[in-house]
Amino acid sequence: MAKWPSGYDRAVFDTVDSTNAEARRRLATAAGPIWILAHAQTAGIGRRGRTWSTEAGNFAATLLQPLIMPLGQAALQSFTAALALRDAFIAVGGKSDDYTLKWPNDVLLKGGKIAGILLETAGAGPSHLCIGIGVNLAHAPSVRALESTAVPPRSLAGDAGLSVPAETFLEALAIAYDARLRQFQQGGFDAIRRDWLAHAVKLGAVITARTVSEEIQGRFETVDETGALVLHTPKGPRQITAAEIFFGEG
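These notes cover the structure that comes with them. Owing to the predicted nature of the structure, the values given are computational and were not obtained by experimental measurement.

1. Quick notes on the layout of surface pockets
Approximately 420 Å³ is the volume found for the second largest pocket. If you trace the second largest pocket, you find 21 residues lining it, with Ala75, Ser78, Pro104, Asn105 and Thr241 closest to the centre. Those elements that provide at least two residues to the lining of the second largest pocket are α2 (71-75), α3 (77-91) and β6 (112-122). Residue composition of the lining of the second largest pocket, grouped by class: 13 nonpolar, six polar and two charged.

2. Quick look at the environment of Asp195
Relative to the helices and strands, Asp195 resides in helix α5 (residues 166-198). In contact with Asp195, other than residues within four places in its own chain, are Leu83, Arg180 and Gln183. Reaching out from Asp195, the side chain makes a polar contact with the side chain of Arg180 at a distance of 2.8 Å.

3. Here's the deal with the packing of aromatic side chains
Tallying each qualifying case throughout the model produces six aromatic pairs. With 5.4 Å between their ring centres and 75 degrees between their planes, Phe79 and Trp196 make a pair best called edge-to-face. Remark: Trp196 occurs in helix α5 and Phe79 occurs in helix α3; sequence separation between them is 117 residues. Arranged with centres 5.1 Å apart and planes meeting at 45 degrees, the rings of Phe89 and Phe169 form a pair that is tilted. Of the two residues, Phe89 sits in helix α3 while Phe169 sits in helix α5, which places them 80 residues apart along the sequence. The exposure class assigned to Phe169 is buried, which follows from its relative accessible area of 0%. Every member of this aromatic cluster is reached through a ring pair, and the members are Phe59, Phe89, Tyr99 and Phe169. Directly above the ring of Trp4 sits Arg10, whose terminal nitrogen or CZ lies 3.9 Å from the centroid.

4. As for the pairing of strand β7 (residues 128-135)
Taken across its eight residues, β7 has eight buried, putting it largely inside the fold. In the sheet, β6 pairs with β7 via eight bridges, with the strands oriented antiparallel. Bridge pairing links Leu119 to Ile131 in β7. Between β6 and β7, which pair antiparallel and follow one another directly, the connecting turn spans five residues, one of which, Gly123, has a positive phi of 85 degrees.

5. Quick look at the pattern of salt bridges
Taken as a whole and assessed by the stated rule, the structure comprises 13 salt bridges. Measuring nitrogen to oxygen at the nearest pair gives 3.2 Å for the salt bridge that ties Arg10 to Glu171. Taken as a pair, Arg10 in strand β1 (residues 9-16) and Glu171 in helix α5 lie far apart in primary sequence, 161 residues in all. According to the relative accessible area criterion, Arg10 is partly exposed, its value standing at 36%. Connected through salt bridges with shared partners, the residues Asp17, Glu22, Arg25 and Arg26 form a single ionic network.

6. Here we look at the sheet that holds β1
Reading across from one edge, β1-β2-β3-β7-β6-β5-β4 is the order of the seven strands in this open sheet, with mixed pairing throughout. Edge positions in the open sheet fall to β1 and β4 (99-102), since each of these has one partner strand only. Strand-to-strand twist across the sheet, computed as the mean angle between neighbouring axes with direction ignored, equals 20 degrees. Direction of pairing for strand β2 (residues 34-41) relative to strand β3 (residues 59-66): antiparallel, over a ladder of five bridges. Bridge assignment links Trp35 to a residue of β3, and that residue is Leu63. Those strands touched by α3 are β4, β5 (106-109), β6 and β7, and its axis lies near 140 degrees from that of β6. Across the face of the sheet, α5 comes into contact with β1, β2, β3, β4 and β7 while running at roughly 130 degrees to β2.

Quick notes on the rules
- Residues numbered from 1 in each chain as written.
- Predicted model: local features only at pLDDT ≥ 70, side-chain atom pairs only at ≥ 80, totals over all residues.
- Heavy atoms only, no water.
- 1 Å grid on protein atoms, 1.4 Å probe; cavity = no way out; pocket = protein on both sides within 12 Å on 5 of 7 lines; lining within 4 Å.
- Points joined across faces, edges and corners; volume = space filled by probe spheres on them.
- Helix = DSSP H or I, 4+ residues; strand = E, 2+ residues; numbered from the N terminus.
- Nonpolar A, V, L, I, M, F, W, Y, C, P; charged D, E, K, R; others polar.
- Contact = heavy atoms within 4.5 Å.
- Polar contact = N/O pair within 3.5 Å; in protein donor to acceptor, adjacent residues only side chain to side chain.
- Phe/Tyr/Trp six-rings, centres within 6.5 Å; stacked < 30°, edge-to-face > 60°.
- Buried < 20%, exposed > 50% of the residue type's maximum accessible area, 1.4 Å probe, protein only.
- Lys NZ or Arg CZ within 6 Å of the ring centre and 35° of its normal.
- Pairing = 2+ DSSP bridges.
- Salt bridge = Lys/Arg side-chain N within 4 Å of Asp/Glu carboxyl O.
- Axes fitted to C-alpha atoms, helices over the stretch in contact; angles between N-to-C directions.

Remember, this is a structural readout, not a statement about activity or role.
So this is what it looks like as structure tokens:
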């Protein structure tokens, strides 16, 4: 494996409330980008304020980095992070065909969710971006708390037969993210978007997007230059910027 990327610091904890919260506490002292890893979280948060459980052996980390790009570009870093996660799974022994990407910010293993990403801005201005990442390395959560139409959870150990310590996975992820960020900086979102679409699950299939006000069913055509999902519906194309995605009829 390549060496830890130059210019990135790291901090590893046995337990914190949440790695995103720890990142915010470091805003005044972080000299540059820093990866914060916790072996356990007592108050982890996922998308839409949901609780994110971190069982022993799983992965919870946040990359705190200065916001050196416009906010619109910063929001696209979920695609950069998703590709980096996929790269990291392959770097630790995963089979390339097993890992796909689900809009807006999930990574799937054999069709089930193994990792999620949460982006938050922080500091005055804002000044920083927090990229929170949770991975089911050793354990998958119970399916009882999920909607019947949600993709099932997966774990690296249980579904890929790979036992990978969190700190080992952090190294693979940090290296992969640095490479993908350089790709973004050099080629813009077009380069990231092209690679993301090459691994997108259900591209060309009928899916359901559930927003706060409606459900929209249509054929998954693409992700556009703003990162929005584009569905072909009976009423024409629909551009969707925020939604929960379900497969089939939802």
